[in-house]
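# Geometric and topological summary
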Amino acid sequence: MLARRRSRKPEGFTLIELLVVVIIIGILAAIALPNFIGAQNKAREASVKANMRTAQIAAESYATDAGGTYPGSATDTTYQTYYPGGSSSQSGGTAGNYPVNPFTNAQQSPQSFTVANVQTARSSVPGALSSVGSVYYAPITASNGTGVTSYAIEGAGSTGTALGGTSAGTTLVLSNQ
C-alpha cells in the first residue's frame, strides 16, 4: 500500500492578505467620506430652505387674516400662532412650533434683519448672517406709511452666509414681491 500524503490546507488568511483588505477599505473610505459630508451639508441647507418656506406660509396666512398687513417683526407673538401646531387668531391663539434649526437641532424663532429692497437683495452676493442655519424675517413698510406691505425671508447656510439663489452670485430671498 502506498502511503497517502496529506496536504495541509490553510485555515485562514495570511497577514499580507489582511493588510491588503484593510488598505482597500481605507482607500474606499477616503473616497466616500468627503461625499458623505457634502451630502449632509446639502441636506441641512435643504432643511433651512424648508424652514424659510414655513415662515413664508405663516406670514402669508397672517396677512390673509389681517387684511393684507404682514407681521411687523419676526418676534410678533400673533405671527407665531400661524406656525404649525398653533391656532391662529388675530385676537390671540395658541403659539405654534417654530421650525428646528438643522445645525443645532433646536427650535428657533426667525431672526430679525433689515432689507430695503427685495430685488437688490436677490441680485447681491450672499452676505454674512449672524447664525448658522437660522431663518431671517424682515418686514418691509410701505413708503406711504400704510403699514407692513411686504416681507423678505433669508436663511443662513453651513458657513453662516445667506443661501445662494438659482444664479451664481445671487441670494435666495423669499418674498411676496
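Everything discussed here concerns the structure shown above.
Residues numbered from 1 in each chain as written. Predicted model: local features only at pLDDT ≥ 70, side-chain atom pairs only at ≥ 80, totals over all residues. Heavy atoms only, no water.

### Regarding empty space enclosed by the protein
Note the cut-off: Each cavity reported here is a set of points on a 1 Å grid over the protein atoms alone in which a 1.4 Å probe fits but cannot get out, each pocket an open set with protein on both sides within 12 Å along at least five of seven lines, and each lining residue one with an atom within 4 Å of a point. Grid points are joined across faces, edges and corners, and a volume is the space filled by probe spheres set on the points. Working definition: helices are DSSP H or I runs of at least four residues, strands are E runs of at least two. Numbering for both runs from the N terminus. All residues other than Ala, Val, Leu, Ile, Met, Phe, Trp, Tyr, Cys, Pro, Asp, Glu, Lys and Arg, Gly among them, are scored as polar; the first ten of these are nonpolar and the last four charged.
Tallied over the full model, the rule gives one cavity of 30 Å³ or more. The computed volume of the largest cavity comes to approximately 70 Å³. Lining the largest cavity, in full, are Asn51, Ala55, Tyr83, Pro99, Val100, Asn101, Gln108, Ser109, Pro110, Gly133, Ser134 and Val135. Counting residues per element, the ones that place at least two in the lining of the largest cavity are helix H1 (15–65) and strand S1 (100–101). When its residues are assigned to classes, the lining of the largest cavity shows six nonpolar, six polar and no charged.

### Focus on the sheet that holds strand S3 (residues 111–112)
Just so we agree on the cut-off: The rule for pairing is simple: two strands pair if DSSP sees at least two bridges between them. Residue contacts are counted whenever heavy atoms from the two residues lie within 4.5 Å of one another. A fitted line through C-alpha atoms serves as each axis, taken over the contacting stretch for helices, and the angle formed by two N-to-C directions is quoted from 0 to 180°.
The strand order across the open sheet built from four strands is S3-S4-S5-S6, with neighbouring strands paired in mixed fashion. With one partner strand each, in any of the chains shown, S3 and strand S6 (174–175) form the two edges of the open sheet. The pairing of strand S5 (residues 148–155) with S6 spans two bridges and is classified as antiparallel. Each residue of the ladder has a partner; that of Ile153, found in S6, is Leu174. Each of strand S4 (135–141), S5 and S6 touches H1; the most contacted strand, S5, lies at about 170 degrees to it.

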